[in-house]
Amino acid sequence: MTVDAHHHVWDLSVRDQDWIGADDPLRRDFTLADLGPEARAAGVDRTVLVQTVTVAEETPEFLALAAGHELVAGVVGWTDLTHPGVADELDRLRELPGGRYLKGIRHQVQGESDQRWLLRPDVRRGLAAVADAGLAYDLVVLPGQLPACAEVAALLPSLTFVLDHLGKPPIASAALEPWASGVRALAALPNTVCKLSGMVTEADPASWSVDDLRPYADVVLEAFGPRRLMFGSDWPVCTPLASYGEVLSLAGELTADLDERDRDRVFETTAARVYDL
């Protein structure tokens with residue numbers, strides 16, 4: 001069976017997603033009731049639900065969703081890493097209904113103007129608390145922030161850093177550098193993992209093909225290896241460009257040269273290990 005290590009849900013009647021434009025096809029509700037049939041039809045039996053906005057109320061809501069839905073095996077939530085009481089907040093979250101599903105923390109580092117935000121003393125203190133709690137930390141960053149990711153991962157060897165969406169490479173422009181060098185430097189550290197996710201949204205929406213994605217997938221396959229690579233759909237963000245089943249099929253094409261054991265790692269066992277599913 002397959003683990004989808006990265007997807008989202010949102011209900012606009014509960015909370016606006018202010019990153020979605022007025023005319024964007026994503027400006028509607030996407031729920032677990034929508035995802036479930038698509039995931040099961042694709043052979044996915046476990047998922048990881050990932051935060052979308054930097055709002056404290058979202059994480060308890062996601063934990064409750066996980067507790068009530070057999071598809072969701074883990075949650076990557078948000079909390080304020082810069083708050084002095086972050087360790088206590090992580091303890092509180094784990095005591096809530098569904099708290100056992102908390103597997104990681106993520107912050108929208110891609111939106112920070114400071115390229116070295118992750119290296120701020122208050123952020124590093126928060127990341128150390130995440131490590132002490134036995135959780136992973138998801139990195140949603142732009143290519144220019146990859147050097148800071150490598151620096152902070154070296155400073156916190158007890159924390160597993162999970163690179164979302166390959167670090168958002170510039171697929172539409174077909175450029176590999178400096179993204180590829182940044183990814184390889186991060187992958188050289190043993191406490192780092194990468195998600196094979198979010199590629200179609202970085203490609204040219206009018207003309208992309210699997211051949212456009214392949215050079216970037218090849219870089220992370222070589223740099224991280226299947227033991228440190230996991231599939232994620234990035235549903236529903238992917239849907240304007242590819243359906244759930246199409247994204248899974250694309251990932252299969254990009255990993256077709258792997259043997260069965262290594263494919264199992266990418267599509268199941270890496271995520272299960274890293275997120276303790």
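Source: prediction; values computed, not measured.

> Tell me about the packing of aromatic side chains, residues and numbers included.
Two descriptors summarise a pair of aromatic rings, namely the distance from one centre to the other and the angle between the planes of the rings. Taken as a whole and judged by the stated rule, the model has six aromatic pairs. Pairing phenylalanine 231 with phenylalanine 267 gives two aromatic rings, centres 5.6 Å apart and planes at 35°, and the pair type is tilted. Pair noted here: phenylalanine 231 is in strand β8 (residues 229–231) and phenylalanine 267 is in helix α9 (residues 260–274), with a separation of 36 residues, a long-range link. For phenylalanine 231, a relative accessible area of 1% gives the class buried. An aromatic cluster is built from Trp10, Trp19, Phe30 and Trp235, whose rings are joined through pairwise contacts.

> Can you break down the environment of glutamate 89 residue by residue, with the values?
Tracing the chain through its elements places glutamate 89 in helix α3 (residues 86–95). Here glutamate 89 falls in the partly exposed class, since its relative accessible area comes to 22%. Sequence separation of glutamate 89 and leucine 254 is 165 residues, and the distance between their C-alpha atoms is 40 Å.

> Give a description of unusual backbone geometry that names residues and reports values.
Along the chain, glutamate 177 connects to proline 178 via a cis peptide bond; the corresponding omega equals 5°. Relative to the assigned elements, proline 178 resides in the loop between β6 (161–163) and α6 (179–187). Across the junction of tryptophan 235 and proline 236, the peptide omega takes the value 0°, indicating a cis bond. Mapped onto the secondary structure, proline 236 falls in the loop between β8 and α8 (244–254).

> Can you break down the sheet that holds β8 residue by residue, with the values?
Here eight strands make up an open sheet; going across it, the order is β1-β2-β3-β4-β5-β6-β7-β8 and the pairing parallel. In this open sheet, the two strands that pair with only one neighbour each are β1 (2–7) and β8. Across the sheet, the mean angle from the axis of one strand to that of its neighbour is 25°, orientation sign disregarded. In the sheet, strand β3 (residues 72–77) pairs with strand β4 (residues 102–107) via three bridges, with the strands oriented parallel. Bridge pairing in β4 links valine 76 to glycine 104. In this fold helix α7 (residues 210–224) packs onto β6, β7 (192–196) and β8, with an angle of close to 150° to the strand it touches most, β7. Those strands touched by α8 are β1, β2 (44–50), β7 and β8, and its axis lies near 150° from that of β8.

> Explain the pattern of salt bridges to me, using residue names and the numbers behind them.
What the rule picks out here adds up to 13 salt bridges. Ionic pairing is found between arginine 40 and glutamate 70, a salt bridge with its closest N-O pair at 3.4 Å. With arginine 40 in helix α1 (residues 32–41) and glutamate 70 in the loop between α2 (58–68) and β3, this pair connects stretches of sequence that are 30 residues apart. Exposure remark for glutamate 70: the relative accessible area of 69% places this residue in the exposed category. Here lysine 195 and aspartate 164 are joined by a salt bridge, their closest N and O atoms 3.6 Å apart. Taken together, the positions of lysine 195 in strand β7 and aspartate 164 in the loop between β6 and α6 put the pair 31 residues apart, joining distant regions of the chain. Per residue, the accessibility class of lysine 195 equals that of aspartate 164, and both read buried. A cluster of three or more residues bridged by salt bridges with shared partners is formed by Arg106, Asp138, Asp164 and Lys195.

The rules we used
Residues numbered from 1 in each chain as written. Predicted model: local features only at pLDDT ≥ 70, side-chain atom pairs only at ≥ 80, totals over all residues. Heavy atoms only, no water. Phe/Tyr/Trp six-rings, centres within 6.5 Å; stacked < 30°, edge-to-face > 60°. Helix = DSSP H or I, 4+ residues; strand = E, 2+ residues; numbered from the N terminus. Buried < 20%, exposed > 50% of the residue type's maximum accessible area, 1.4 Å probe, protein only. Pairing = 2+ DSSP bridges. Axes fitted to C-alpha atoms, helices over the stretch in contact; angles between N-to-C directions. Contact = heavy atoms within 4.5 Å. Salt bridge = Lys/Arg side-chain N within 4 Å of Asp/Glu carboxyl O.

What is shown is where atoms sit, not what they do.
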